[in-house]
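Next come the chains, spelled out residue by residue.
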Amino acid sequence: MRAFNLFATSKYTIFALSIAVISSITTAHAGSTKNVDPKHSANEITTFAKQVEKYAAKQGARAFIIARMGRPKKDLPKGISFTHTAIAVYSNIELGNGKTARGYAIHNLYQNEGQLDTSSLVVDYPTDFFWGAEELKAGIIIPTKDLQHRLIEAIASGKNKAVHNSHYSVIANPFNDQFQNCTEHTLDIINASIYQTTDIARLKRNAKNHFQPQRLKTNPFKLMLGSAFMDDVTTKDHDGKVYTTTFTTIAKYLNKNQLMQSSVVFDQQGKAVKLI
């Protein structure tokens, strides 16, 4: 009876504690949802989005990897700089009046509203992409010309859809196909482009052989609570230590294999700081 009473009086404490500690887990890729309230004025967001487009165009980028910060930097786990990653492709964009214009279309994996452990592929545009950003900063990786061409071909031919796994986890393991998040999906598209295949088993083998993910240093108790209370957090795809894909680890991967032209963090003042 004493043990039962102890549990009864402590379960609310455990629940309250879980809310505090799992925030450090869920912020790893928080911001991978489409419908987010803006934290900046519409004019600021639109102006910044245009700055990003102009910067990418000036670099001659027809396709590039783009990232945003959906949470305050102080809340992000060590090794995580951005919370949502996608691929931008210079495209013909149909306007509201039926006319077309040239600009960057952004190919995203977003969590489904109301079902956060599932995801869908959504195309949006720079203003949409930065609408819910915590800070108006962009991560920009510009691949080599050849890889840009391959990324464009991959998306045009539907390879991004072929490598999509709708089972979502914030801390998805990039070395298996149990779950996927936005950044792992981006990596899978990159590797589908490099190896010219959508064979998931082959892509995961190649990732394991050549890609170095980010270790997420969160203690097991936090991970247990995250798995218990959050639909989009699971460790079922991990064996021991937790490793996941990040914007920076993708940049390091491309740089190591001479597949990257440049990588920068671009801010609201128009300053581009080298990432690696």
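In case you missed it, the structure is sitting above this.
These lines cover the structure that appears in this document, whether it is placed above or below.

About the thresholds
- Residues numbered from 1 in each chain as written.
- Predicted model: local features only at pLDDT ≥ 70, side-chain atom pairs only at ≥ 80, totals over all residues.
- Heavy atoms only, no water.
- Helix = DSSP H or I, 4+ residues; strand = E, 2+ residues; numbered from the N terminus.
- Buried < 20%, exposed > 50% of the residue type's maximum accessible area, 1.4 Å probe, protein only.
- Contact = heavy atoms within 4.5 Å.
- Patch = residues over 30% accessible without salt bridge, like charges linked within 9 Å, V, L, I, M, F, W, Y side chains within 5 Å.
- Areas by Shrake-Rupley, 256 points an atom, 1.4 Å probe, with all protein chains shown as cover.
- Salt bridge = Lys/Arg side-chain N within 4 Å of Asp/Glu carboxyl O.
- Lys, Arg positive; Asp, Glu negative; His and termini not counted.
- Charge placed at Lys NZ, Arg CZ, Asp CG, Glu CD.
- 1 Å grid on protein atoms, 1.4 Å probe; cavity = no way out; pocket = protein on both sides within 12 Å on 5 of 7 lines; lining within 4 Å.
- Points joined across faces, edges and corners; volume = space filled by probe spheres on them.
- Nonpolar A, V, L, I, M, F, W, Y, C, P; charged D, E, K, R; others polar.
- Axes fitted to C-alpha atoms, helices over the stretch in contact; angles between N-to-C directions.
- Parallel < 35°, antiparallel > 145°, perpendicular 65-115°, else oblique.

**Side note on the overall build of the protein**
Right, on to step 1. Across its full length, the protein carries ten helices and nine strands.
Right, on to step 2. Going through the 276 residues of the protein one by one, you find that 47% of them count as buried.
Right, on to step 3. Considering only intrachain contacts with a sequence separation of at least 6, the fraction spanning at least 24 residues in the protein is 70%.

**A few points about a positive patch on the surface**
Right, on to step 1. Together, Lys78, Arg215, Lys217 and Lys241 give the surface a local cluster of positive charge.
Right, on to step 2. On the accessibility criterion, lysine 217 (65% relative accessible area) is exposed.

**Focus: the pattern of salt bridges**
For side chains of opposite charge, pairing can occur when their charged atoms come near one another.
Right, on to step 1. All told, the structure shown has six salt bridges when counted by the stated rule.
Right, on to step 2. Here glutamate 153 ties to lysine 159 by a salt bridge, and the two come within 3.3 Å at their closest N and O atoms.
Right, on to step 3. Looking at glutamate 153, the relative accessible area reads 32%, which means it is partly exposed.
Right, on to step 4. Given a relative accessible area of 15%, lysine 159 falls into the buried group.

**Section: the layout of surface pockets**
Right, on to step 1. A volume near 170 Å³ is recorded for the second largest pocket.
Right, on to step 2. Around the second largest pocket sit Met69, Lys73, Ile80, Ser81, Phe82, Lys137, Val265, Asp267, Val273 and Leu275, which together line it.
Right, on to step 3. Of the residues assigned to the lining of the second largest pocket, the class counts are six nonpolar, one polar and three charged.

**A short note on the packing of helix 5 (residues 145-156) against helix 7 (residues 182-195)**
Right, on to step 1. Taken N-terminus to C-terminus, the directions of helix 5 and helix 7 make an angle of 110 degrees; their axes are 9 Å apart at the nearest point. By the angle class used here, helix 5 and helix 7 are roughly perpendicular. Mapping the contact onto sequence places Leu147, Arg150, Leu151 and Ala154 in helix 5 and Ile189, Ile190, Ser193 and Ile194 in helix 7.
Right, on to step 2. Of the residues belonging to the contact of helix 5 with helix 7, the class tally is six nonpolar, one polar and one charged.

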